[in-house]
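Chain by chain, the residues:
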Amino acid sequence: MTALYRAQPQDGLAWVTGASSGIGRGTALELARRGFRVLATARSIEALETLVEEAAALPGSIIARCVDVTDAELQKRTIDEIEVSEGPIVLAFLNAGIYWPMRAHPFDATSFKKVFDVNVGGVVNGLDVLLDRMTARGRGQIAINASVAGYIGLPRAPAYSSSKAALIVMAESLKIETDSLGITLQVVNPGFVKTPLTDKNDHPMPFLMELDDAARFICDGFQRGGFEITFPWQLSRILKFLRLLPYDTYFSLIRKATGFPPKP
C-alpha cells in the first residue's frame, strides 16, 4: 500500500481550530516553528492577536481569523477567502472543544448539548469544509482532536467522554474511505495536558503533561503518520486495558481509582 500523504510547509497552509488557548494554541505555535503558515481560528480575537505576535519571530507565520466552529457558514466563507488569498489548506487540526465537569444529579441537558455542538458539531463543520476540497486535489491531511477520555466513560465527564468517543468512532469510520481518496485522516487522543480545560479539574490527573511537550508530540505525529496519535503512553495503555474488562470489574476499579462518587 502506498504511504499516505503527509503535509509539508511548502505544500500550503495548516489550519488549527480552537487556537486561542490550550492544545490548539500550542500546536499552532509548534507548526509555525516548523515552518508552516498557520491559519489560527477561534472565538477570541484578542487571544489570536497575541498568538500572531508571539509567532512573529518563528520560521513560519500565523494568520488569525475570529471564527466560531459552530457557525458553519462563517467558517466556510473564511476558508473560501483564505484559500483564494493564501493558498490551499493541506493540513488541518480540528481541535476546538469545551469541557465542564458534570453530574447525574442535577443533570444539565443544556450544557450537555452545548458540549456536543462544539466538540462533535464543530468537527463535522470542519470536515464539511475540507473533505470535498481535499478530494478534488487528491491529497490532504486532517487530524481530529479527541481524547483518551473517549476510550471509556469517566466519572464527572458524561458529555465530554461521550463526545470524544463519538469523534474516535467517526474518524475510524471515515478513514476506511479517506485512505482511497488520498487524504490522511488521524485522531489525536491526548491524556491530561496542563491547559485551561484541565485547570477545571479538582481530582488527581496522572501523567499530567506540559503543553509544549504535548504540542511537539502532536506535530511529530503529523510528520510520522499513522492513524492514532496518543500520549502519554502509560495512561493510554491503562485506559485501553480497562476498556477490555467486564463491566463489573471496570466499574469497581474506576470507583476505587477516582474515589467517585464520594462516600456520604
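Let me sum up the structure you'll find in this document. (Residues numbered from 1 in each chain as written. Predicted model: local features only at pLDDT ≥ 70, side-chain atom pairs only at ≥ 80, totals over all residues. Heavy atoms only, no water.)

Some thoughts on the side chain of Thr 41
Along the chain, the position of Thr 41 falls in strand 2 (residues 37–42). Of the polar contacts made by the side chain of Thr 41, one reaches the side chain of Trp 15; its length is 3.1 Å. Excluding residues that lie within four positions of it along the chain, Thr 41 makes contacts with Trp 15, Val 16, Thr 17, Gly 18, Ala 19, Leu 48, Arg 65 and Val 67. (Helix = DSSP H or I, 4+ residues; strand = E, 2+ residues; numbered from the N terminus. Polar contact = N/O pair within 3.5 Å; in protein donor to acceptor, adjacent residues only side chain to side chain. Contact = heavy atoms within 4.5 Å.)

Re the pairing of strand 4 (residues 89–94)
The buried count for strand 4 comes to six of six residues, which makes it a mostly enclosed element. Two elements, strand 1 (residues 13–17) and strand 4, share four bridges in a ladder whose sense is parallel. Of the residues in strand 4, the one forming a bridge with Leu 13 is Ile 89. The parallel pair strand 4 and strand 5 (residues 140–145), bridged by helix 4 (residues 109–137), forms a crossover whose chirality is right-handed. (Buried < 20%, exposed > 50% of the residue type's maximum accessible area, 1.4 Å probe, protein only. Pairing = 2+ DSSP bridges. Right-handed = clockwise from strand over helix to strand, strands pointing away.)

Remarks on the packing of aromatic side chains
Considering all chains together, one arrives at seven aromatic pairs under this definition. With 5.6 Å between their ring centres and 15 degrees between their planes, Tyr 247 and Phe 251 make a pair best called stacked. One end of the pair, Tyr 247, and the other, Phe 251, are both in helix 8 (residues 247–258), four residues apart, so they sit about a helical turn from each other. Relative accessible area serves as the criterion here: at 62%, Tyr 247 is assigned to the exposed category. The class for Phe 251 is partly exposed, based on a relative accessible area of 38%. Directly above the aromatic system of Tyr 151 lies the positively charged group of Arg 243, at a separation of 5.3 Å from the ring centroid. (Phe/Tyr/Trp six-rings, centres within 6.5 Å; stacked < 30°, edge-to-face > 60°. Lys NZ or Arg CZ within 6 Å of the ring centre and 35° of its normal.)

A few points about the packing of helix 1 (residues 22–33) against helix 6 (residues 211–224)
The contact between helix 1 and helix 6 brings their axes to 8 Å, and the two run at 60 degrees. What the angle tells us is that helix 1 and helix 6 run oblique. Crossing handedness for the pair helix 1 and helix 6: right-handed. Contacts between helix 1 and helix 6 pair Gly 22, Ile 23, Gly 26, Thr 27, Glu 30 and Leu 31 from the former with Leu 211, Ala 215, Arg 216, Ile 218, Cys 219 and Phe 222 from the latter. (Axes fitted to C-alpha atoms, helices over the stretch in contact; angles between N-to-C directions. Parallel < 35°, antiparallel > 145°, perpendicular 65-115°, else oblique. Left-handed = near helix turned anticlockwise from the far one by under 90°.)

Looking at the nonpolar core
Formed by 35 residues in total, the largest nonpolar core has its most connected members in Trp 15, Ile 89, Leu 94, Leu 130 and Ile 142. Broken down by element, this core gets its largest block of residues, seven residues, from helix 4. Ignoring sequence-local partners within four residues, the contact set of Leu 94 consists of Trp 15, Thr 17, Val 123, Gly 126, Leu 127, Leu 130, Ile 142, Ala 143, Ile 144 and Asn 145. With 32 residues, the next largest nonpolar core counts Ile 23, Ala 42, Phe 93 and Met 209 among its residues. (Core = buried A, V, L, I, M, F, W, Y, C linked by side-chain atoms within 4.5 Å.)

Re helix 3 (residues 72–86)
Between its terminal C-alpha atoms helix 3 stretches 21 Å, which fits the 21 Å expected from 15 residues at 1.5 Å a residue. Among the residues of helix 3, Gln 75, Thr 78, Ile 79, Ile 82 and Glu 83 are the ones counted as buried. Mapping the buried residues of helix 3 onto a view down its axis gives an arc of 125 degrees, with all of them on the same face. Counted as exposed and oriented over 90 degrees from the buried face of helix 3: Glu 73, Arg 77 and Val 84. The secondary structure elements touched by the buried residues of helix 3 are strand 1, strand 2, strand 3 (61–66), strand 4 and helix 4. The first or second residue beyond helix 3 is Gly 87, which carries a positive phi of 115 degrees. (Expected span 1.5 Å × (residues − 1). Arc of directions from axis to C-beta.)

Overview of unusual backbone geometry
Of note, the bond from His 105 into Pro 106 is cis; its omega dihedral lies within 30 degrees of zero at 0 degrees. The topology assignment puts Pro 106 in the loop between strand 4 and helix 4. Put simply, Phe 231 and Pro 232 share a cis peptide bond, and its omega is -15 degrees. Its identity is not glycine, yet Arg 156 carries a phi of approximately 65 degrees, on the positive side. Here Arg 156 shows up in the loop between strand 5 and helix 5 (158–181). Residue Arg 156 is classed as buried on the basis of its relative accessible area, which comes to 19%.

Quick notes on the side chain of Arg 133
If you trace the backbone, Arg 133 turns up in helix 4. A polar contact of 2.8 Å, which involves the side chain of Arg 133, links it to the backbone oxygen of Val 129. Beyond its immediate stretch of four places on either side in the chain, Arg 133 contacts Lys 76, Ile 79, Asp 80 and Glu 83.

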